[in-house]
Amino acid sequence: VQLQASGGGLVQAGGSLRLSCVASGLTFSRYAMGWFRQAPGKEREYVATISWSGGSTAYADSVKGRFTISRDNAKNMVYLQMNSLKTEDTAVYYCAVARSSGIRTTTQEYQHWGQGTQVTVSS
């Protein structure tokens, strides 16, 4: 299984970025997907999750109302639209494949991880 995340970069506070993640080597539509992030010196934290069909989503309180997770099962892709970015959103963002089809919010519930993409938000 391989996950390739992209779309990170440097953006000013208040700006937007769209992260993408393409998966290969698995039946993508069977599994929930998630986005996590890790800032320097901090533990990896949950950001957003989406069920196998895209019918259910959930977000960390810190990003609710600003971030939107979506998926395209025909393309084996998951996305994270990030709006109204804040400096505290600066981190390496990881996409991950859950162990099941329903939404999951802890790192232990994910089985495969991408390499991460850096998001830096400047003030």
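Residues numbered from 1 in each chain as written. Predicted model: local features only at pLDDT ≥ 70, side-chain atom pairs only at ≥ 80, totals over all residues. Heavy atoms only, no water.

Colleague: Would you mind showing me how to read the side chain of R37 here?
Modeller: Following the sequence through the fold, R37 ends up in strand β4 (residues 33-38). Within the local environment of R37, its side chain forms a polar contact with the side chain of Y93, the two groups lying 2.9 Å apart. (Helix = DSSP H or I, 4+ residues; strand = E, 2+ residues; numbered from the N terminus. Polar contact = N/O pair within 3.5 Å; in protein donor to acceptor, adjacent residues only side chain to side chain.)

Colleague: Would you mind going over unusual backbone geometry with me for this structure?
Modeller: Phi is mostly negative for residues that are not glycine, and the peptide bonds are mostly trans. Unusually for a residue other than glycine, N76 sits at a positive phi of about 55 degrees. Structurally, the position occupied by N76 is in the loop between β7 (67-72) and β8 (77-82). Unusually for a residue other than glycine, S84 sits at a positive phi of about 50 degrees. Assignment of secondary structure puts S84 in the loop between β8 and β9 (91-98). Here S84 falls in the partly exposed class, since its relative accessible area comes to 42%. (Buried < 20%, exposed > 50% of the residue type's maximum accessible area, 1.4 Å probe, protein only.)

Colleague: Help me out: how do you make sense of the sheet that holds β7 in this one?
Modeller: As a general point, the strands of a sheet are linked pairwise by backbone hydrogen bonds and lie either parallel or antiparallel. On the basis of which strands lie adjacent, the open sheet formed by four strands has the order β1-β3-β8-β7 and antiparallel pairing. Looking at the sheet topology across the chains shown, the edges are occupied by β1 (2-6) and β7. Pairwise comparison of adjacent strand axes, ignoring direction, gives a mean angle of 15 degrees for this sheet. Bridge count for β1 against strand β3 (residues 17-24) is five bridges, and the pairing is antiparallel. Following the sheet pairing, L3 is matched in β3 by A23. (Pairing = 2+ DSSP bridges. Axes fitted to C-alpha atoms, helices over the stretch in contact; angles between N-to-C directions.)

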